[in-house]
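Below, each chain spelled out in residue letters.
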Amino acid sequence: MKNLFSVFVAICFFCNMNAQDKAEMPGNPELPNSSEELSVLKTFEKGDYKYSVKDYFQKPTKSTFRFSPNGNYLSYRERDDNGKSHVYVKNTENGKVAKVIEEGEELIRGYGWANDNRLLYLMDSGGDENYHIYAVDLDGQNRNDLTPFDGVRAMFQDLLKDQPDHIIITMNKSNPQIFEPFKLNVVTGELEKLMENTDPANPISGYTFDKDGNLRAYAKQQDGTDYVLFYKKDDGEFHPVITTNWRDNFSIMGFDYETKNQHDAYVRTNLENDTEEIIRYDFEKGETLEKIYSNETFDVGGMARSRKRGYEVDYFYYTGEKSNVKPVSDTYKNLHTKFAKEFGDKDFDITSTTDEEDKHLIYVYSDKLYGTYYMYDVKKDVFKKLVDLMPQLNEADMCEMRPIKFKSRDGLDLYGYITIPKEAAAGQKVPMIVNPHGGPYGPRDTWGFNPETQLFASRGYATLQVNYRGSGGYGKDFWLAGSKQIGRKMLDDLEDGVAYAKTLGFIDEDNVGIYGGSYGGLATLGSLVKTPDLYQCGVDYVGVSNLFTFFKSFPPYWKPYLAQVYEQWYDENDPKDIEIMKQVSPALNCDKITKPLFVVQGANDPRVNIDESDQVVENLRERGVDVPYMVKYNEGHGFGHEDNRIELYECMIGFFAKHLKSKV
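Before going into details, it helps to say that this report is about the structure given with it.

It is worth spelling out the sheet that holds strand β7 (residues 132-137) at this point. In space, the 4 strands of this open sheet follow the order β5-β6-β7-β8, with antiparallel pairing throughout. Whereas interior strands pair on both sides, the edge strands pair on one side only; in this sheet they are β5 (110-113) and β8 (144-145). Two elements, β7 and β8, share 2 bridges in a ladder whose sense is antiparallel. Looking at β8, one finds that Tyr134 is bridged to Asp145.

Let's shift gears to unusual backbone geometry. In most cases, non-glycine residues show a negative phi, while peptide bonds are predominantly trans. Each neighbour pair has its own omega, and for Gly439 with Pro440 the value is -5 degrees, a cis peptide bond. One can find Pro440 in the loop between β30 (430-434) and α5 (451-458). We note that Asp381 has phi near 55 degrees; this positive angle belongs to a residue other than glycine. Inspection of the secondary structure puts Asp381 in the loop between β26 (372-377) and β27 (382-388).

Let's shift gears to the pairing of strand β20 (residues 287-293). For strand β19 (residues 277-282) and β20, the ladder comprises 5 bridges, and the chain directions are antiparallel. By the bridge assignment for β20, Arg280 is matched with Glu290. The hairpin formed by β19 and β20 contains 4 residues between the paired strands, and Gly286 there has a positive phi angle of roughly 70 degrees.

With that settled, consider the pattern of salt bridges. A pair can form between side chains of opposite charge whenever their charged atoms are brought close. All chains considered together, the criterion is met by 46 salt bridges. With its nearest N and O atoms 3.5 Å apart, the salt bridge here joins Arg409 to Asp492. Here Arg409, found in the loop between β28 (400-407) and β29 (413-420), pairs with Asp492, found in helix α7 (residues 489-502); they are 83 residues apart in sequence, far enough to count as distant. Take Asp492: its relative accessible area is 12%, and that puts it in the buried class.

In this section: the nonpolar core. Grouped together as the largest cluster of nonpolar side chains are 82 residues, with contacts concentrated most on Met432 and Tyr535. Among the elements that make up this core, the one with the highest residue count is helix α8 (residues 519-530) (6 residues). Sequence-distant contacts of Tyr535, defined by excluding residues within four places in its chain, comprise Val434, Leu494, Val498, Val512, Gly513, Ile514, Ser527, Leu528 and Lys595. One finds Tyr56, Met398, Phe456 and Tyr515 within the second-largest nonpolar core, a separate group that totals 33 residues.

Backbone hydrogen bonds are what pair the strands of a sheet, in a parallel or an antiparallel way. With respect to topology, 4 strands assemble into an open sheet ordered β9-β10-β11-β12, the strand pairing being antiparallel. Because the sheet does not close on itself, it has two edges, and the strands there are β9 (154-159) and β12 (191-193). Averaged over all adjacent pairs, the angle separating strand axes in this sheet is 35 degrees, with direction ignored. For strand β11 (residues 178-185) and β12, the ladder comprises 3 bridges, and the chain directions are antiparallel. Along β12, the bridge assignment pairs Phe182 with Lys193.

A separate point is the packing of α5 against helix α13 (residues 642-661). Where α5 contacts α13, the two axes come as close as 11 Å, and the packing angle between them is 45 degrees. By the angle class used here, α5 and α13 are oblique. Relative to α13, the crossing made by α5 is right-handed. Residue-level inspection shows Glu452, Leu455 and Phe456 of α5 in contact with α13, the latter providing Tyr649, Met652, Ile653 and Phe656. In the contact of α5 with α13, the residues fall into 6 nonpolar, no polar and 1 charged.

For α7, which comprises 14 residues, the first-to-last C-alpha distance of 20 Å matches the rise-based estimate of 20 Å (1.5 Å per residue) to within 8%. Counting buried positions along α7 gives 10 out of 14 residues, so the element sits mostly inside the fold. Turning to α7, its buried residues are Met490, Leu491, Asp492, Asp493, Leu494, Glu495, Asp496, Gly497, Val498 and Ala501.

Bringing the side chain of Asn172 into the picture now. Summarising the element assignment, Asn172 is placed in strand β10 (residues 166-175). A distance of 2.7 Å separates the side chain of Asn172 from the backbone nitrogen of Arg153, its partner in a polar contact. Looking at Asn172, its side chain comes within polar contact range of the main-chain oxygen of Pro176, at 3.0 Å. In contact with Asn172, other than residues within four places in its own chain, are Val152, Arg153, Ile178, Phe179 and Tyr557.

Here the structure, examined in full by the defined rule, presents 1 cavity of 30 Å³ or more. Space inside the largest cavity adds up to approximately 40 Å³. With 4 residues, α8 is the largest single contributor of residues to the lining of the largest cavity. Among the residues making up the lining of the largest cavity, the classes are represented as 6 nonpolar, 2 polar and no charged.

The next subject is the environment of Leu393. Mapping Leu393 onto the fold places it in the loop between β27 and β28. A relative accessible area of 9% means that Leu393 is categorised as buried. Between the C-alpha atoms of Leu393 and Lys368, which are 25 residues apart in sequence, the distance is 9.1 Å. Not counting chain neighbours up to four residues away, the residues in contact with Leu393 comprise Tyr51, Asp55, Tyr56, Met398 and Phe449.

Reading the values: the criteria
Residues numbered from 1 in each chain as written. Predicted model: local features only at pLDDT ≥ 70, side-chain atom pairs only at ≥ 80, totals over all residues. Heavy atoms only, no water. Pairing = 2+ DSSP bridges. Helix = DSSP H or I, 4+ residues; strand = E, 2+ residues; numbered from the N terminus. Salt bridge = Lys/Arg side-chain N within 4 Å of Asp/Glu carboxyl O. Buried < 20%, exposed > 50% of the residue type's maximum accessible area, 1.4 Å probe, protein only. Core = buried A, V, L, I, M, F, W, Y, C linked by side-chain atoms within 4.5 Å. Contact = heavy atoms within 4.5 Å. Axes fitted to C-alpha atoms, helices over the stretch in contact; angles between N-to-C directions. Parallel < 35°, antiparallel > 145°, perpendicular 65-115°, else oblique. Left-handed = near helix turned anticlockwise from the far one by under 90°. Nonpolar A, V, L, I, M, F, W, Y, C, P; charged D, E, K, R; others polar. Expected span 1.5 Å × (residues − 1). Polar contact = N/O pair within 3.5 Å; in protein donor to acceptor, adjacent residues only side chain to side chain. 1 Å grid on protein atoms, 1.4 Å probe; cavity = no way out; pocket = protein on both sides within 12 Å on 5 of 7 lines; lining within 4 Å. Points joined across faces, edges and corners; volume = space filled by probe spheres on them.

See below:
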């Protein structure tokens, strides 16, 4: 089983700053600039622009629409004047609306329907990522914390559609390093442990249940880098079926309920193919029945099936340069044709469907359209527009995000995107911002509306996004090509992307900046160290700066994956890797940073500790370098509060204006 240790997920955190005195504040409270000091950066952005930063980064007035299973209710989130997004439920027959979940200081991290009468939602406490699962009735009553355990992280595993009062979750309740499955009653909160996970040295890393909630398989870690998949056969015992390395994938997507053989399942794998493909596999016999779907260049994304029609496959999908869907069933082929005709050149996703499949919620978007929700009534064959998520942004004023492909210096095919401001389209030379994504292993940039790149384009900057080696979605060889290349060939790929962009004829070669969050922050710092003459400035947003201190700050439930980290990143116990880690840790090479740097950090970040940013700021300031440093004490790994996010981009756009436009 392939385990993508993607440690930089864009999840935001918070705590109550008023409850902290300076002695209790994370990091060195003497280092951050005040908001008043940072506001000076905003003044460098001159010009009369049609859209403000707020227009791009305020939360949508309404978003995240979902049907109740029976379709009698439509839920959604609605923003108030303070930037909070509460959850409302609307009766689809009489139009009556009720607020069912109120968002306070602690942000709602996600929500959904448990059954026709009850909703579930996630919140943590103070940004610790120890998520609690809450439930509430559709009228807002009977709110319960279903996992009221301190220091425990609860996560959704499976909905049980045929047992509407129950779901399956996982928690690290018994041991903070490992997770066990529980059956949870969403009304009473009653918990039933479904399996013990008692070996931290070789823990169970994943569980597979069927639609009836029966545990059918589990993956057990072995020696930190291998995974043994155990399957429950006809004798009622779990047997080892296959052993894979972390480099490989063999994971059950779901059981095939259209066949008489209960052991047939759909599996996503790359054991016999460079790109991940979908196969049908007989687990009793241990053999592949047939290969179902694959693409030569891109990993398969997944599949959709119809529960109403006996789990018939509706479509397969993958992400290439854009999203791609292959219709399979006659029912979905008909729907897809209708949707494509209705929405033209826009992309669309079905985000919610009633159990009877008589109504669909469809999210429509493009590189220039933030997103619009439609409802499609199958029986009436009628589309109804529900809401434009960002009506203040006129699609005609937005800029093209163009897919690109080029060769790396060592011959790899690299993909990415460049967002082109209207000045460039008119023949002018424009400055460029390179924006490496986080991860680094597994995530990738995709095509669609990006408020960051659209903001930059509105101010006259091109934005380059490179899916460097190690990015997900391009096959196993490309993914593994990034192993032990942090600070090395991964940065070469960014440099090769800049060289490619310059051949397009509209880039001002003397004014290129770089900005990234999470691993992208590490890439930003590393680029300023490795190629100080290529970039005029950089913005490091919650970025790693020192691999040695970063490894030591891992939360307990990452510890079982250290062996994989050592093989994929670097091994802090290997003398050769230690020397490389010293060379590619920007905090240890701050003397090589000669260009202006803006550092941004959430004080309560449990993934990238504030010490990662403090180190860089302290080292540079000791050398007399002026480093603007923004720290928010109610944030974590990425800013979730609307006011903080808007302030961040107002300062960032001023910082870029100061250093990329001053010589133009």
